[in-house]
Amino acid sequence: MSARTSALDAVVFGVDVQSGDVRGDAPSYAVVAFDGESLDRDVVSRRKLRRLIDREEPAIVATDNRYELAADKDGLIHFLRELPDETKLVQVTGAERPEPLSRVASRHGVPYGKDPMQEAEAAARLAAMNVGQEVTAFTDTTEVKVARGRSTGKGGWSEDRYTRRIHGAVKKRAREVESELDEAGLDYERDVTEKYGGFTNAIFEVEGRPADIPVSSHRSGDVRVEIEREQRDGIEFRPLAKRRDHVIVGIDPGTTTAAAVVGVDGSVLDVYSTRTDDVAAVIEWIIERGRPIIVAADVTPMPATVEKIRRSFEAAGWVPESDLPVDEKKHRTREVSYDNDHERDAVAAALEAFDSHEGQFDRVAEKVPPQHDLGDVLSRVVAGEESVETVLADLDPDEDEDEDEHEHTERELTEEEKTIKRLRARVDRLESHTEDLKDTIAEKDDRIAEYEDELSDARREERREARERREVTRLERENERLERERDEAVERAEELESKLERLKALWKLDHSNFADVSAKQEDLVPVKVVTEFTKGAIEEADEQYGLASGDVVYLKDGSGAGRSTAERLAETEPRAVLRSGGRLTEVADDVLFEHDVPVGPADDVTIQVVDELAVARESEIEGVIEDWEDRARERELEQNQEMVDELISEHRASDRAADF
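Calculation notes
Residues numbered from 1 in each chain as written. Predicted model: local features only at pLDDT ≥ 70, side-chain atom pairs only at ≥ 80, totals over all residues. Heavy atoms only, no water. Helix = DSSP H or I, 4+ residues; strand = E, 2+ residues; numbered from the N terminus. Buried < 20%, exposed > 50% of the residue type's maximum accessible area, 1.4 Å probe, protein only. Contact = heavy atoms within 4.5 Å. Areas by Shrake-Rupley, 256 points an atom, 1.4 Å probe, with all protein chains shown as cover. Salt bridge = Lys/Arg side-chain N within 4 Å of Asp/Glu carboxyl O. Arc of directions from axis to C-beta. 1 Å grid on protein atoms, 1.4 Å probe; cavity = no way out; pocket = protein on both sides within 12 Å on 5 of 7 lines; lining within 4 Å. Points joined across faces, edges and corners; volume = space filled by probe spheres on them. Nonpolar A, V, L, I, M, F, W, Y, C, P; charged D, E, K, R; others polar. Pairing = 2+ DSSP bridges. Axes fitted to C-alpha atoms, helices over the stretch in contact; angles between N-to-C directions. Parallel < 35°, antiparallel > 145°, perpendicular 65-115°, else oblique. Left-handed = near helix turned anticlockwise from the far one by under 90°. Lys, Arg positive; Asp, Glu negative; His and termini not counted. Core = buried A, V, L, I, M, F, W, Y, C linked by side-chain atoms within 4.5 Å. Patch = residues over 30% accessible without salt bridge, like charges linked within 9 Å, V, L, I, M, F, W, Y side chains within 5 Å. Charge placed at Lys NZ, Arg CZ, Asp CG, Glu CD. Right-handed = clockwise from strand over helix to strand, strands pointing away.

A. Seen up close, the overall build of the protein chain. A count of helices and strands for the protein chain gives 17 helices and 21 strands. Taking all 660 residues of the protein chain together, the buried fraction comes to 38%. Long-range contacts, defined here as pairs at least 24 residues apart, represent 64% of the contacts in the protein chain between residues at least 6 apart. Total accessible area on the protein chain is roughly 38600 Å²; 45% of this is exposed by carbon and sulfur atoms.

B. Molecular detail of the pattern of salt bridges. Applying the stated criterion across every chain, the model contains 37 salt bridges. For the salt bridge of lysine 329 with aspartate 298, the shortest nitrogen-to-oxygen distance reads 3.0 Å. Placement of lysine 329 in helix H8 (residues 326-332) and of aspartate 298 in the loop between strand E14 (291-296) and helix H7 (304-313) is noted, with a sequence separation of 31 residues between them. Across the pair, aspartate 298 and lysine 329 agree in class, each one buried. Among the charged side chains, a network of salt bridges with common partners joins Asp298, Lys329, Asp341, Arg344 and Asp345.

C. Inspection of helix H1 (residues 46-56) at higher detail. Looking at H1, one finds that the buried residues are Leu49, Arg50, Leu52 and Ile53. Buried residues in H1, looked at end-on, bunch into an arc of 160 degrees, giving them a common side. Looking at H1, the residues exposed on the side facing more than 90 degrees away from the buried face are Arg47 and Arg55. Where H1 is buried, its residues touch strand E1 (12-19), strand E2 (28-34), strand E3 (39-45), strand E4 (60-63) and helix H2 (73-82). Glutamate 57 sits one or two positions beyond H1 and adopts a positive phi of about 50 degrees.

D. The layout of surface pockets, seen in detail. Roughly 380 Å³ of volume is contained in the second largest pocket. Mapped by element, the contributors of at least two residues to the lining of the second largest pocket are H2, strand E5 (88-91), strand E6 (133-148) and strand E10 (223-239). When residues of the lining of the second largest pocket are assigned to their parent elements, the largest contribution, five residues, is made by E6. Class assignment of the residues belonging to the lining of the second largest pocket gives a composition of 10 nonpolar, four polar and seven charged.

E. Structural context of the environment of aspartate 603. Summarising the element assignment, aspartate 603 is placed in the loop between strand E19 (599-601) and strand E20 (607-610). Taking relative accessible area as the criterion, aspartate 603 reaches 71% and is therefore assigned exposed. Distance in space between the C-alpha atoms of aspartate 603 and serine 580 is 7.4 Å, their sequence separation being 23 residues.

F. The arrangement of unusual backbone geometry in detail. Residue proline 301 is bonded to the preceding threonine 300 through a cis peptide linkage, with omega at 0 degrees. When you line up the elements, proline 301 lands in the loop between E14 and H7. Of note in this structure, glutamate 57 is not a glycine but carries a positive phi near 50 degrees. Within the secondary structure, glutamate 57 sits in the loop between H1 and E4. You can call glutamate 57 partly exposed: its relative accessible area is 49%.

G. The arrangement of the sheet that holds strand E13 (residues 268-274) in detail. One open sheet accounts for five strands, arranged E13-E12-E11-E14-E15; its pairing is mixed. The sheet is open, and its two edges are formed by E13 and strand E15 (316-318), each paired on a single side. Pairs of neighbouring strands in the sheet enclose a mean axial angle of 25 degrees, with direction left out of account. The sheet contact formed by E14 and E15 spans three bridges and is parallel. The residue of E15 that forms the bridge with alanine 296 is tryptophan 318. Across the face of the sheet, helix H6 (residues 279-287) comes into contact with strand E11 (246-252), strand E12 (257-263), E13 and E14 while running at roughly 165 degrees to E13. Its contacts with the sheet place helix H10 (residues 374-383) against E11, E14 and E15, and it is angled at close to 40 degrees to E14.

H. How the structure looks around the packing of helix H9 (residues 341-367) against H10. Packing of H9 against H10 leaves a shortest axis separation of 10 Å and a crossing angle of 125 degrees. Regarding the angle of H9 to H10, the classification is oblique. For the pair H9 and H10, the sense of crossing is right-handed. Touching His357, Gln360, Phe361, Val364 and Ala365 of H9 are Leu374, Val377, Leu378, Val381 and Val382, all from H10. For the contact of H9 with H10, the residue count by class is eight nonpolar, two polar and no charged.

I. Seen up close, H6. Along H6, the residues that are buried comprise Val282, Ile283, Trp285 and Ile286. Projection of H6 onto a plane perpendicular to its axis shows the buried side chains occupying an angular sector of 155 degrees, all on one side. Where H6 is buried, its residues contact E11, E12, E13, E14 and H7.

J. Broad picture of the side chain of glutamate 352. Assignment of secondary structure puts glutamate 352 in helix H9. Buried charge without a salt bridge: glutamate 352, with arginine 332 as the nearest opposite-charge side chain at an N-O distance of 4.7 Å. Contacts of glutamate 352, omitting those with residues within four sequence positions, involve Trp318, Leu324, Glu328 and Arg332.

K. Quick look at the pairing of E6. Counting buried positions along E6 yields 12 of 16 residues, so the element is predominantly enclosed. Alignment of E5 against E6, held across three bridges, turns out to be antiparallel. In the sheet register, glutamine 91 faces E6, and the bridge partner there is glutamine 133. As paired elements, E6 and E10 share 12 bridges and run antiparallel to each other. From the neighbouring strand, alanine 147 faces E10, where its bridge partner is arginine 224.

L. Representation of the nonpolar core. Counting residues in each nonpolar core, the largest one holds 35 residues, and the members touching the most others are Phe533, Leu578, Ile607 and Ile621. Breaking this core down by element, the ones donating at least two residues are strand E16 (524-530), helix H14 (535-545), strand E17 (552-555), helix H15 (563-571), strand E18 (576-579), helix H16 (586-594), strand E21 (613-617) and helix H17 (618-659).

M. Highlighting a positive patch on the surface. Where like charges cluster on the molecular surface, the positive patch consists of Arg459, Arg463, Arg467, Arg469 and Arg470. Considering the arrangement of structural elements, one finds arginine 459 in helix H13 (residues 415-510). Judged by its relative accessible area of 48%, arginine 459 is partly exposed.

N. View of the pairing of E18. Residue alternation in E18 divides its side chains into two sets, Ala576 and Leu578 and Val577 and Arg579, and both sets are buried. Judged from the four bridges that link them, E17 and E18 form a sheet pairing that is parallel. For leucine 555, the partnering residue across the bridge sits in E18 and is arginine 579. A crossover links E17 with its parallel partner E18, the connecting element being H15, and its sense is right-handed. Here E18 runs beside E19; their pairing, made up of three bridges, is parallel. Within the sheet, the bridge partner assigned to leucine 578 lies in E19 and is glycine 600.

Written out as structure tokens, the structure is:
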């Protein structure tokens, strides 16, 4: 057992769950207050435990498992934040991979029982002996913030004076705090925000714990002072007392030499790198942190500097089968904080050495009785290559002699006594195995809780990503819709521009002089072109430039139209229709005649065409109309004559029928 001094200069609280579950119903706690001589026991609720800690301000709150005081990591950080400045939370069973409390208590000669009150007492006594790891979530940097204690608001006519007074008060208190920090000899960095009349706030990053700072949180009128410790990225452990435990050391030599110290439980205890220290200084740094069992490197063969350090400690050496790849080193050290690649390589070497010997460590730990220090045995087994049995026999030299002497002097046991002894030994083994299983279950429960937290975080992240994906999809659809509208608008604009160009061309024709036209400009008349005598062509012309009453229509191909097509053209009430490309059908000609629409050949008119727009001479249009009117009168006379002849024929037929 390692020699230790008492940590006690105040009360130590040992705490264990009495009933309930910290993750479910409100638990009750067995609390033992130990001052080095007397014990005070009580069972309290969680709320009363917090009030008790705040009132008594113990030096240590000790427990065998940190998660008996909080349901998860966030709850544990909240618990640590509310502890008094001088109070530490200590896990007496170790760091990330705690040992059973029964084994730790037996190793240090502390009374132990399975009752929660007895476990709380064991935790308090162990912490008083400097056994355990301090659980911390904060750095030694503290933020002191001096800010406005009230809003400036609307001050009416006095708003400027009111604001200036508040900012001036903040500035005055900030200078007082700065003076107090200087008097205390503390290092700090100041960041102020200046506004009208003074400061809106002043933030001091102080190198020290709240207990070291001569300033306290308070609120007074126009000013408030807040003190908050800087939080770490996660939970960390610090040995409660400095002692030279057996460790594994990783070395990365070179221009920058780095060293890492790892405990026999696989926890990273410290990391160090230097460009100026020699090998002797590195060895001294290692000595201050433990007694190396293994000295490891991340390359093979072992560099000379690493071999020199190994020989100085008479430790076992470890090198990989081949140089460790960078990605493998990054993966193995992903949960470790380091400042540069050299420290990373040193940590990776130490952790890989631990991984290589972890099975051996576990087998040795199973064979070592609680009263012996596991590190001493591991050192002789790993570095000295001795067997566990030889080491244990050497540590207890009188054990075999006492057993032999006892066998000679002790009477022979009866069969019943032998059976009882055998059964008792079995019961002891089963109870020990039960304790191990309980510890395993507790460890797995903690791991399950961590996995549940990770799963919850992953689900929350997945929901957030799903919302982002839905929003992206919605925006993409909206973008596609807007692009379609843009394309349609562009097409429409192009159509309108084309139409405008045609109208401009028509306007120019209407206002230009033609070399082959001797008449004046006012003798010209616009002609609207229809490519063929179909409903589609008529509709297209009407959509492009409109067909109105009194227009002159030019049919480039006047053949093939039926009654409905002719009626559609007649509905526009054109002044005249000029045709080319074939004669009108008899049906179309009759429809246009019935609607008094003049029709004439386009060859009789001089037409100037630009795209679908054209102009013709007014005199020629009038000539076409006059020709049609002449033909129309003749056609009417013929129709009247035919009607008279038909009536006469019908009358004669009726007379002949009467004679018979």
